Amino acid sequence: MLKPNEDQIRAMLNLRGDPSFDVFIQWIKKSLIAQSIANNRASGEMAIKNAGRNLELEEILDHINRAPDYLMNIKMADPKQPK
């Protein structure tokens, strides 16, 4: 997964606190848990594919959680950025 660019970071930050976005985040979290449990019985290639799917969901959640830090880093790198 690509690291989000500034526009994507700002979009994530703008969505925070929106009840619909919170529902979306809960869906991702529940999907991650359900897939992890289902993968307990998988083996071989399917276990590898499922692990990759879980990592993608984890990365999405991580990027959303780290969006404030990303934006702060952008502002520190370019002092002309609006606060």
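The coordinates are above.
Residues numbered from 1 in each chain as written. Predicted model: local features only at pLDDT ≥ 70, side-chain atom pairs only at ≥ 80, totals over all residues. Heavy atoms only, no water.

In a regular helix each residue adds 1.5 Å, so 21 residues correspond to 30 Å; helix 2 (residues 19–39) covers 30 Å between its end C-alpha atoms and thus fits that length. Of all the positions in helix 2, only Phe21, Ile25, Ile28, Leu32 and Asn39 are classed as buried. An end-on view of helix 2 places all buried positions within 65° of arc, on one side of the element. For helix 2, exposure combined with an orientation more than 90 degrees from the buried face picks out Pro19, Ser20, Val23, Trp27, Lys30, Ile33, Ile37 and Ala38. On the buried face of helix 2, the contacting elements are helix 1 (6–15) and helix 3 (44–77). Capping the start of helix 2, Asp18 holds a side-chain oxygen 2.7 Å from the backbone nitrogen of Ser20, two or three residues further along. (Helix = DSSP H or I, 4+ residues; strand = E, 2+ residues; numbered from the N terminus. Expected span 1.5 Å × (residues − 1). Buried < 20%, exposed > 50% of the residue type's maximum accessible area, 1.4 Å probe, protein only. Arc of directions from axis to C-beta. Contact = heavy atoms within 4.5 Å. Polar contact = N/O pair within 3.5 Å; in protein donor to acceptor, adjacent residues only side chain to side chain.)

Mapped onto the elements, Arg66 comes out in helix 3. Under the relative-accessibility criterion, Arg66 is labelled partly exposed at 38%. Expressed as a C-alpha distance, the spacing of Arg66 and Met12, which sit 54 residues apart in the sequence, is 9.8 Å.

Turning our eyes to something else, we now look at the packing of aromatic side chains. If you walk through the whole model with that rule in mind, you get two aromatic pairs. Ring geometry for Phe21 versus Phe24: centroids 6.1 Å apart, planes at 25°, classification stacked. Taken together, the positions of Phe21 and Phe24, both in helix 2 and three residues apart, correspond to about one turn of that helix. On the basis of relative accessible area, Phe24 is assigned to the partly exposed category, the value being 36%. Clustering of aromatic rings is evident, with ring pairs tying together Phe21, Phe24 and Trp27. (Phe/Tyr/Trp six-rings, centres within 6.5 Å; stacked < 30°, edge-to-face > 60°.)

Bringing the packing of helix 1 against helix 3 into the picture now. As a packed pair, helix 1 and helix 3 sit with axes 9 Å apart at the nearest point and diverge in direction by 125°. If you check the angle between helix 1 and helix 3, you find them oblique. Considering how the two elements wind past one another, helix 1 and helix 3 form a crossing that is left-handed. Contacts between helix 1 and helix 3 involve Glu6, Ile9, Arg10, Met12 and Leu13 on the former and, on the latter, His63, Ile64, Ala67, Pro68, Tyr70, Leu71, Ile74 and Lys75. Partitioned by chemical class, the residues of the contact of helix 1 with helix 3 number nine nonpolar, one polar and three charged. (Axes fitted to C-alpha atoms, helices over the stretch in contact; angles between N-to-C directions. Parallel < 35°, antiparallel > 145°, perpendicular 65-115°, else oblique. Left-handed = near helix turned anticlockwise from the far one by under 90°. Nonpolar A, V, L, I, M, F, W, Y, C, P; charged D, E, K, R; others polar.)

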